[in-house]
Amino acid sequence: MGHWWLLFVLNVPLLQETVRKYLIHSDLVFLGGDVLVLMTLIAIGLQGRLKVKNVPMAFFVLSGVFLSVTAVNHAMSGNHIGVYGVGLRATFLPLVYMLVSARYLSVVENGYERIFSCVNIWIVIIGIMAITQIALGKDHPINAVWGTSALGVGDFATTDKGVLIPGMFRPTSIFTHTGKFGQVIFTLVLFKWCYLLFSGVRRSAGPYALMLFDLTVILISGQRAALLFLVLSISIVVVCTRQHGAGVWKVLVLSLVIISGLSGAWVAKPDMAIAVYERFASVLTAIPIRLEGNLWLPIQTVMEDHLISGEGLGYFTFGARSFGGTLVYEGIKLEGLGESSLIRLSGEVGLLIAMTIILAYLTVVTRAWYFYRNHNGSPAASGALFFGMWMICLMFWSNTADVFANSIVTTLGFGLGGATLCSLQRTYEAQVIPEGGSIDPVNEILQGRREGTRKKLCLLQE
């Protein structure tokens, strides 16, 4: 399987969304992308190169329980087979991307460096498009989705004050909805910042200066949770991983980026800066309101009516409407809105069965943290670090928005976190490598760890 093809496949989540918005206005675009990645996975498997053994055994056990129960539930529900297919896609397609990513990182030296370059390119494309949309105005054709003006665009507003500045809005960039824009840009920027700050790769000041652009795109998206989780996750990791003063400069870089960005915005556009501040500051008052409406109140209905079974896997998932599905708050009479991944999944399969797949993916998160802890300071470790932080953020975020039903975000994040399923072949001591000998690394990670005067070379297993 060609290396460039694998890299192309890892870019499919963003490519298919772009094609679907601007060229082919159909969900069949997603089907085409799914076929590409599944055929790629099958080809890798036929070559005997899949890293399935690196997926935690507990994941397979819990997933087996989930699949068995949901298959029976689907047969009894009488739902269209397409509904079940949509549910399976949302649940397991992200892992397919992670397996493909793990293969790519295993065979390409500096594979994460290429992925990092792709991420930077996408951030620039997404950011420039969003800035252009705002500059041209809400009703300009550039903001049209499938010919409908301003479809998917969000208001730049707060619950208390309403629209902050007339005409100011949250653009969609290359996506069909502003929510997708905010969630994807959070994913891309979090990966980029984790790689910049924790990969151990030395760089010039340029990439760090471009963090200002990343922050600008986050602010333009108007996605409050994106900024909140980005700052919290990076700050927590910096504090928890500081060694020999390394954490100090990371804090300074992060603080400088945020302060410079906000100060620059204030000088350039004071009124707009105030509006942006009020929008993002309102997250503190919005969190309890969103939690009450999307989790605390609807969970009472779930406990009473959907503890063990639901309407069938995929019934409330995005994309199921074509097969007779609907949205959770339209299909179930809930206390509150219920726009939550847990509520949606519980309404489909029951709360107890929903917990099995949640626990299954938590085992993958645990493996990411284990990998990061053992290979701290390497490019691959920064990928595992990203995935662990990203998944934890999304689990909290999913209580106020159904982020796990957005396949663009989940497949992209799992693809970027492929290091999670890589493994350490063995540890070589520099002194025991014979002169003229060779090491056959599939993907070398040179880590400058010192144990006394010894250096170790850590290799990823093919």
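Note that the structure is a prediction, hence the values are computed from the model and not measured.

Enquirer: Explain the confidence of the model for the protein chain to me, using residue names and the numbers behind them.
Expert: The share of residues in the protein chain with pLDDT of 70 or more is 81%, and the mean pLDDT across the chain is 82. In the model of the protein chain, strand β7 (residues 454-460) stands out as the element of lowest mean pLDDT, 34, in contrast to helix α18 (residues 407-416), which has the highest, 96. This stretch, residues 425-462, has a pLDDT under 50; its non-local contacts, to residues over four places away or in other chains, come to 75 contacts.

Enquirer: Describe unusual backbone geometry, with residues and values.
Expert: A positive phi angle, close to 60°, is found at N110, a residue other than glycine. Of note, N110 is situated in the loop between α5 (81-107) and α6 (111-136). Even without a glycine there, the phi angle at S173 is positive, about 55°. By the secondary structure assignment, S173 is in the loop between β4 (169-170) and α7 (178-198).

Enquirer: Outline the packing of α7 against helix α9 (residues 211-221), listing residues and values.
Expert: At their nearest, the axes of α7 and α9 sit 9 Å apart, and the two run at 160° to each other. By the angle class used here, α7 and α9 are roughly antiparallel. Seen along the crossing, α7 lies across α9 with a hand that is left-handed. Between α7 and α9, the residues in contact are T178, F181, G182, I185, F186, V189, K192, W193 and L196 and M211, D214, V217, I218 and S221, respectively. Split into classes, the residues belonging to the contact of α7 with α9 amount to nine nonpolar, three polar and two charged.

Enquirer: Report on a nonpolar patch on the surface, specifying residues and quantitative values.
Expert: On the surface, a cluster of nonpolar side chains totalling about 650 Å² of accessible area is made up of L28, L31, V35, M39, I42 and L46. One can find L31 in helix α3 (residues 28-46).

Enquirer: Describe the pattern of salt bridges, with residues and values.
Expert: Scanning all chains against the criterion turns up nine salt bridges. Here E17 and R20 are joined by a salt bridge, their closest N and O atoms 3.9 Å apart. Of the two residues, E17 and R20 are both situated in helix α2 (residues 12-22); the distance of three residues between them amounts to about one turn of the helix. Look at E17 and you get buried, because its relative accessible area is 0%. The closest approach of N and O atoms between R344 and E348, which form a salt bridge, is 3.8 Å. One end of the pair, R344, and the other, E348, are both in helix α15 (residues 341-349), four residues apart, so they sit about a helical turn from each other. Given a relative accessible area of 0%, E348 falls into the buried group. The network of salt bridges with shared partners includes E17, R20, D27 and K180.

Each value, and the rule that gives it
Residues numbered from 1 in each chain as written. Predicted model: local features only at pLDDT ≥ 70, side-chain atom pairs only at ≥ 80, totals over all residues. Heavy atoms only, no water. pLDDT = per-residue confidence, 0-100. Helix = DSSP H or I, 4+ residues; strand = E, 2+ residues; numbered from the N terminus. Contact = heavy atoms within 4.5 Å. Axes fitted to C-alpha atoms, helices over the stretch in contact; angles between N-to-C directions. Parallel < 35°, antiparallel > 145°, perpendicular 65-115°, else oblique. Left-handed = near helix turned anticlockwise from the far one by under 90°. Nonpolar A, V, L, I, M, F, W, Y, C, P; charged D, E, K, R; others polar. Patch = residues over 30% accessible without salt bridge, like charges linked within 9 Å, V, L, I, M, F, W, Y side chains within 5 Å. Areas by Shrake-Rupley, 256 points an atom, 1.4 Å probe, with all protein chains shown as cover. Salt bridge = Lys/Arg side-chain N within 4 Å of Asp/Glu carboxyl O. Buried < 20%, exposed > 50% of the residue type's maximum accessible area, 1.4 Å probe, protein only.

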